[in-house]
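A structural walkthrough
Here is how the chains run, residue by residue.
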Amino acid sequence: QVQLVESGGGLVQPGGSLRLSCAASGFTFTLYRMRWYRQAPGKQRELVAGITSGTSGGSTNYADSVKGRFTISRDNAKSTVYLQMDGLKAEDTATYYCNVVVLPDTTNYWGRGTQVTVSS
């Protein structure tokens, strides 16, 4: 049974930092691309960052809005993906979700999310 459990959210002042974690289980973590999404109130869920599988070198991609401020990484030994968020802005306020698409049936799995609030 695939499970994704996010943690690390909270309230932070503009310019501050947070590190989100997503602990994965129920599938062979190292074989899969992992993604972070976010959804702000009244807005659609959007892709924030992705990292390729541990067997593909762990290449990363980012939304333009977070490039240079956020860093996605993975620890295959711990089956955990991270999102380091620096230089946080009010517009980064959202619920952040971890995501994986598992083969062979390409089922989309989501965690329950962790809330990030950036406010003074």
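Above: the structure in question.
Remember, predicted model here, so these are calculated numbers, not experimental data.

**Focus on the packing of aromatic side chains**
Tallied over the entire structure, the rule returns four aromatic pairs. Aromatic pair Tyr37 and Trp110: ring centres 4.9 Å apart, planes at 65°, arrangement edge-to-face. Within this pair, whereas Tyr37 is found in strand β4 (residues 34–39), its partner Trp110 is found in strand β10 (residues 107–110), the two being separated by 73 residues in sequence. For Tyr37, a relative accessible area of 18% translates into the label buried. On the basis of relative accessibility, which here comes to 33%, the residue Trp110 falls in the partly exposed class. Ring centres of Tyr97 and Trp110 lie 6.4 Å apart, and the angle between their planes is 90°; on these two criteria the pair is classed as edge-to-face. With Tyr97 in strand β9 (residues 94–102) and Trp110 in strand β10, this pair connects stretches of sequence that are 13 residues apart. Among the aromatic residues, those joined into a ring-pair cluster are Phe27, Phe29 and Tyr32. Lying over the aromatic face of Tyr82, Arg19 brings its terminal NZ or CZ to 4.2 Å of the ring centre. The positively charged end of Arg45 is found above the aromatic ring belonging to Trp110, 4.5 Å away from the centroid.

Conventions used here
- Residues numbered from 1 in each chain as written.
- Predicted model: local features only at pLDDT ≥ 70, side-chain atom pairs only at ≥ 80, totals over all residues.
- Heavy atoms only, no water.
- Phe/Tyr/Trp six-rings, centres within 6.5 Å; stacked < 30°, edge-to-face > 60°.
- Helix = DSSP H or I, 4+ residues; strand = E, 2+ residues; numbered from the N terminus.
- Buried < 20%, exposed > 50% of the residue type's maximum accessible area, 1.4 Å probe, protein only.
- Lys NZ or Arg CZ within 6 Å of the ring centre and 35° of its normal.

Structural measurements only, silent on function.
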